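Structural characterization, general
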2 protein chains.
Amino acid sequence: MPSESSPLRVGICGLGTVARGVIRVLQENSEIIGQRAGRPIVVTEVASRSARPEIDLAGAGFSTDVSSLPDHSGIDVLVELIGGEDTALSLIETALRAGKPVVTANKAVLALHGHALLKLAGEQGVSLGCEGAVAGGIPVIGALQRGLAGNEVERIAGIINGTSNYILTAMARSGQSFETALADAQRLGYAEADPTFDVEGVDAAHKLTILAALAFGMDHRFSEIYIEGISGVTLEDLEYAGQLGYRIKHLGIARRGATGVEIRVHPTLVPESHLLAHVDGVMNAVLVNGNAAGDTLYYGAGAGELPSASAVVADLVDLARGTALLPAASRAVDISVIPIERCVSAHYLRIPSLDRPGVFARVATLLSEHGISIESAIQRAQAIHTESKEHWVPIVIVTQPVVEGQVAEAVAAVQALPEVVGQIVRIRVEDLDDQ
Amino acid sequence: MPSESSPLRVGICGLGTVARGVIRVLQENSEIIGQRAGRPIVVTEVASRSARPEIDLAGAGFSTDVSSLPDHSGIDVLVELIGGEDTALSLIETALRAGKPVVTANKAVLALHGHALLKLAGEQGVSLGCEGAVAGGIPVIGALQRGLAGNEVERIAGIINGTSNYILTAMARSGQSFETALADAQRLGYAEADPTFDVEGVDAAHKLTILAALAFGMDHRFSEIYIEGISGVTLEDLEYAGQLGYRIKHLGIARRGATGVEIRVHPTLVPESHLLAHVDGVMNAVLVNGNAAGDTLYYGAGAGELPSASAVVADLVDLARGTALLPAASRAVDISVIPIERCVSAHYLRIPSLDRPGVFARVATLLSEHGISIESAIQRAQAIHTESKEHWVPIVIVTQPVVEGQVAEAVAAVQALPEVVGQIVRIRVEDLDDQ
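Residues numbered from 1 in each chain as written. Chains lettered and ligands numbered in written order. Predicted model: local features only at pLDDT ≥ 70, side-chain atom pairs only at ≥ 80, totals over all residues. Heavy atoms only, no water.

**Concerning the overall build of chain A**
When helices and strands are counted, chain A shows 13 helices and 18 strands. Taken over C-alpha atoms, the radius of gyration comes to 24 Å for chain A, in line with the 22 Å a tight globule of 435 residues would show. Along the three orthogonal principal directions, the C-alpha set of chain A runs to about 80 × 45 × 35 Å. A total of 435 residues make up chain A; the buried ones form 59% of that total. When the accessible area of chain A is evaluated, it comes to approximately 16,300 Å², of which 50% is carbon and sulfur surface. Taken as two groups, the 32 positive and 51 negative side-chain charges of chain A have centres that lie 2 Å from each other. (Helix = DSSP H or I, 4+ residues; strand = E, 2+ residues; numbered from the N terminus. Rg over C-alpha atoms; globule rule 2.2 N^0.38 Å. Buried < 20%, exposed > 50% of the residue type's maximum accessible area, 1.4 Å probe, protein only. Areas by Shrake-Rupley, 256 points an atom, 1.4 Å probe, with all protein chains shown as cover. Lys, Arg positive; Asp, Glu negative; His and termini not counted. Charge placed at Lys NZ, Arg CZ, Asp CG, Glu CD.)

**Points about the packing of helix 5 (residues 140-147) of chain B against helix 9 (residues 202-216) of chain B**
All names here are of chain B. One can describe the packing of helix 5 onto helix 9 by two numbers: an axis separation of 9 Å at closest approach and a directional angle of 10°. Here helix 5 lies roughly parallel to helix 9, going by the angle between them. On helix 9, the residues touching V140, I141, L144 and Q145 of helix 5 are I210, L211, L214 and A215. Considered class by class, the residues forming the contact of helix 5 with helix 9 number seven nonpolar, one polar and no charged. (Axes fitted to C-alpha atoms, helices over the stretch in contact; angles between N-to-C directions. Parallel < 35°, antiparallel > 145°, perpendicular 65-115°, else oblique. Contact = heavy atoms within 4.5 Å. Nonpolar A, V, L, I, M, F, W, Y, C, P; charged D, E, K, R; others polar.)

**Remarks on the domain arrangement of chain A**
Residues and elements named next belong to chain A. Each assigned domain of chain A is listed with its residue range as follows: domain 1 (8-133), domain 2 (140-300) and domain 3 (345-429). Counting residues at the interface gives eleven residues for domain 1 and eleven residues for domain 2. Taken over both partners, the interface formed by domain 1 and domain 2 buries close to 930 Å², and the fraction arising from carbon and sulfur atoms is 70%. When the area that domain 1 buries against domain 2 is broken down by residue, the three leading residues are K107, A111 and E131, summing to 49%. One can count one salt bridge joining domain 1 with domain 2. The salt bridge involving K107 is made with D203; its shortest N-O contact spans 3.4 Å. For the interface between domain 1 and domain 2, the tally reads five residue pairs in polar contact (both at pLDDT 80 or more). Across the side of domain 1 that touches domain 2, the residue classes tally to seven nonpolar, two polar and two charged. (Domains from an automatic or database assignment. Buried area = accessible area lost by both parts, 1.4 Å probe. Salt bridge = Lys/Arg side-chain N within 4 Å of Asp/Glu carboxyl O. Polar contact = N/O pair within 3.5 Å; in protein donor to acceptor, adjacent residues only side chain to side chain.)

**Here's the deal with the packing of aromatic side chains**
This model, assessed by the stated rule, comprises three aromatic pairs over all chains. Ring geometry for Y298 of chain A versus Y298 of chain B: centroids 6.3 Å apart, planes at 75°, classification edge-to-face. A residue pair is termed interchain when its members come from two chains, as with Y298 of chain A in strand 12 (residues 294-301) and Y298 of chain B in strand 12 (residues 294-301). Given the relative accessible area of 0%, Y298 of chain A is considered buried. (Phe/Tyr/Trp six-rings, centres within 6.5 Å; stacked < 30°, edge-to-face > 60°.)

**What about the interface of chain A and chain B?**
Of the residues lining the interface, 47 residues belong to chain A; the matching set on chain B comes to 47 residues. Carbon and sulfur atoms make up 55% of the surface buried where chain A meets chain B, a total of about 3,800 Å² over both sides. A per-residue breakdown of the area chain A buries against chain B is headed by R36, L275 and Y299 of chain A, which together make up 15% of the total. At the surface where chain A touches chain B, the tally comes to two salt bridges. Applying the counting criterion to the chain A and chain B interface returns 18 residue pairs in polar contact (both at pLDDT 80 or more). A per-element tally of the side of chain A that touches chain B places helix 11 (residues 305-321) of chain A first, with eight residues. The residue makeup of the side of chain A that touches chain B, split by class, is 27 nonpolar, 14 polar and six charged. When strand 12 of chain A meets strand 12 of chain B, the two strands line up antiparallel, connected through five bridges. For Y298 of chain A, the partnering residue across the bridge sits in strand 12 of chain B and is Y298 of chain B. (Pairing = 2+ DSSP bridges.)

**Brief notes about the relation of the copies chain A and chain B**
At an RMSD of 0.0 Å, chain A and chain B line up after a rotation of 180° and a shift of 0.0 Å along the axis. Overall, the copies show the geometry of a two-fold rotation axis. (Least-squares fit on C-alpha atoms with pLDDT ≥ 70 in both.)

**Concerning helix 12 (residues 359-369) of chain B**
Residues and elements named next belong to chain B. Burial in helix 12 covers these residues: V359, V363, L366 and L367. In an axial view of helix 12, the angular spread of the buried residues amounts to 100°, which keeps them on one side of the axis. Residues of helix 12 that are buried make contact with strand 13 (344-354), strand 14 (374-378), strand 16 (391-399) and helix 13 (404-415). G371 lies just past helix 12 and shows a positive phi near 80°. (Arc of directions from axis to C-beta.)

**Quick look at the sheet that holds strand 3 (residues 61-63) of chain A**
All names here are of chain A. Spatial strand order, 3-2-1-4-5-6: six strands in an open sheet with parallel pairing. Edge strands, defined here as strands with exactly one partner in the open sheet, are strand 3 and strand 6 (128-129). Here three bridges tie strand 2 (residues 41-47) to strand 3, and the two strands are oriented parallel to one another. By the bridge assignment for strand 3, V46 is matched with F62.

**Side note on the environment of Q176 of chain A**
All names here are of chain A. Residue placement: Q176 occurs in the loop between helix 6 (162-174) and helix 7 (178-187). For Q176, a relative accessible area of 18% puts it in the buried group. Separated by 58 residues in sequence, Q176 and T234 have C-alpha atoms that sit 9.7 Å apart. Beyond its immediate sequence surroundings of up to four residues, Q176 is in contact with A170, M171, A181, D184 and L235. Side chain to side chain, Q176 and D184 meet in a polar contact 2.9 Å long.

**Details of helix 4 (residues 107-124) of chain A**
Residues and elements named next belong to chain A. With 18 residues, helix 4 ought to run about 26 Å at 1.5 Å a step, yet its terminal C-alpha atoms sit only 22 Å apart, falling short of that. Considering bend angle alone, the principal kink of helix 4 is centred on H113 and spans about 85°. Of all the residues in helix 4, the buried ones are A108, V109, L110, A111, G114, L117, L120 and A121. Check the buried side of helix 4 and you find it contacts helix 3 (86-97), strand 5 (102-104), strand 6 and helix 9 (202-216). By the N-cap criterion, in which a side-chain oxygen at the helix start approaches the backbone nitrogen of a residue two or three places on, helix 4 is capped by N106, the distance to A108 being 3.4 Å. Positive phi appears at G125, one or two residues downstream of helix 4, with a value of about 70°. (Expected span 1.5 Å × (residues − 1). Bend = angle between axes of the 7 residues up to and from the residue.)

Here is the structure:
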């Protein structure tokens, strides 16, 4: 091990946006970083499968053979920023086996293999930093590991996919359709050419897996998470939600329940009075409820060259100081993930119905028979139903919190009413009150 | 030193709200805390100048001789929660000199003596934890020390006094006067019987001193901070601010300028579109702009038994793990505090004027002659001036950003106009754009 005043020698795998950001931040802020870390942090080796790029590597060695980096004798820590799954996993494993700490921003690898990697890191007595893997520049991993270390975490609710939040904000603000807002996001570089991972909730689920593992001390259970994206959210629902005092946000929610934890990712009606409702555009925010701190919220840029680099460098400073956290020796807590049918939420229902006398009463009765109480309702806009030529009116209802399975049954019963002339829309509602 | 698996033995000085919270959190969350810390954290000694209270100390020793605690052989760390200045200072110094780390939530002692205490702690090679001293349960100290360690901090802007925020929120929401809102806050336990420290900005200035020292690596310069409280904020100004698209918040602002740092505490017009404008009631929030992370914001309960205890326990967990930060060996950065006359802000001006032709033009001309541009203005409400019996109208202006001294001169010139029939009100305005 190098002495305390010798530089921390960093090897970076990958040369995409975040990697360039890390190189830039370590160069431009080298003085303050050196002061805070107590010694210099220097990139000594860079490896990328593409040819050597036209950027200043400040004297670092360069190789296109990424596999040579993890156990390179000239580095003290591997920064894995290559992305993807298989190669990244193997690079991280190799570095850990060589007794080198790793810093990664790879949420997919962590969500799918985090538990095994942490176990390996623990056995090797080295750290596995991942501040950059969730919510970019927002130090929410640190908050869970350190600032809230005295708390039992009761709930996490986060806007953790900037693309989805950009699209929902654009739809709500300028009345753009999902498709138009997505095209804008792609043009602005906020969405990939294939946006599936973002708009269908997979990216958010990766991040939520990591947050839940940290918050509840459980292992990484990506495959058990309920995932729903924003591609089904319509302008009509944003409009009705607004009339009822809500905004629609794509949330990742992990909540301690009676029989385990609920872990789910889906569009959610959030009260306009709550701070999360005002987190707009590509910004991210994570609300954490701890049994001592109560609600705390962490807000900032969830992606981007410099914000993500800020998080990676934070992990490196901790390493250089010798204050990086080692994975807990204790085994993961045995806790079940509650299946979505047994999760509890309020629900927004939009029921396209013919405007005949008594329809609302029949709907309300059916809901009541299924044990569902109505919190609020509107029945306002009118139109002519194209098939029946009758007037129709969407009945919009917010229920009180209830078990999902019960709502599903009730909705099926209401859907079967002859006056219901279209598919019922159901979106979960969270009041986000301090628990 | 005890071995890694033996308990961390905690001595607590003081038995007020926060101390009881710490005892409670360490007991109730002992399992998860032990897991995260890697060993138990146990309160072994408690000292308080008052008689032994009727609470369960879980086997800890009790003494009314607080001076015996800091170098007590049965404790590994002193938790100073006695409050006040002189005794607390001497307790902390004694513990540090005895080579024991200290955790304190005492913002006054840190604001006034932080630099000397950190120097002493550094010399002794022990840590001085202060997460509980600023913004209660919000881990913003940790964010500055760790999560944002790779950043040059450009600006901090925080709602860091819950009492002031409660009063301003109550005034804005329910049209209560300052006096009524203050009386309510006192009744609810959100304000002290003597509320001076809170409503005149001293408490916020203590906290801002600590944040600025951490953010800019400077020493604790409480005496150089510009301090203005909320007691002069009127309903009329809240109303006009709202019409112009702003809310009035009491902010602590520390900002890097061309010739040093601006450090100031005062009521501030904040754009309604900014998240800080929606931080209401007793809640706190700190916005930090770093040159890599951009804007990040930390929100939560700024005071209270359990939130403050959560912060103190976070410092204890770090100590137990061996990952507490030692004070930097390097000397504080030599940086000047810019005098308020040379600080730069936009300003809200309310100018009570007689409703005579050309008054607005004369005001605008005077401002322009002093180099001040108008960003927006309203001239709406009317009333009869009681002395002159003439109609009068408050001219309300928001200027573009300008050096304070210039505004002060311009305001003096406008005040001298014969049509100006009352004291001009001036409140600073911050757009809080990402820098």
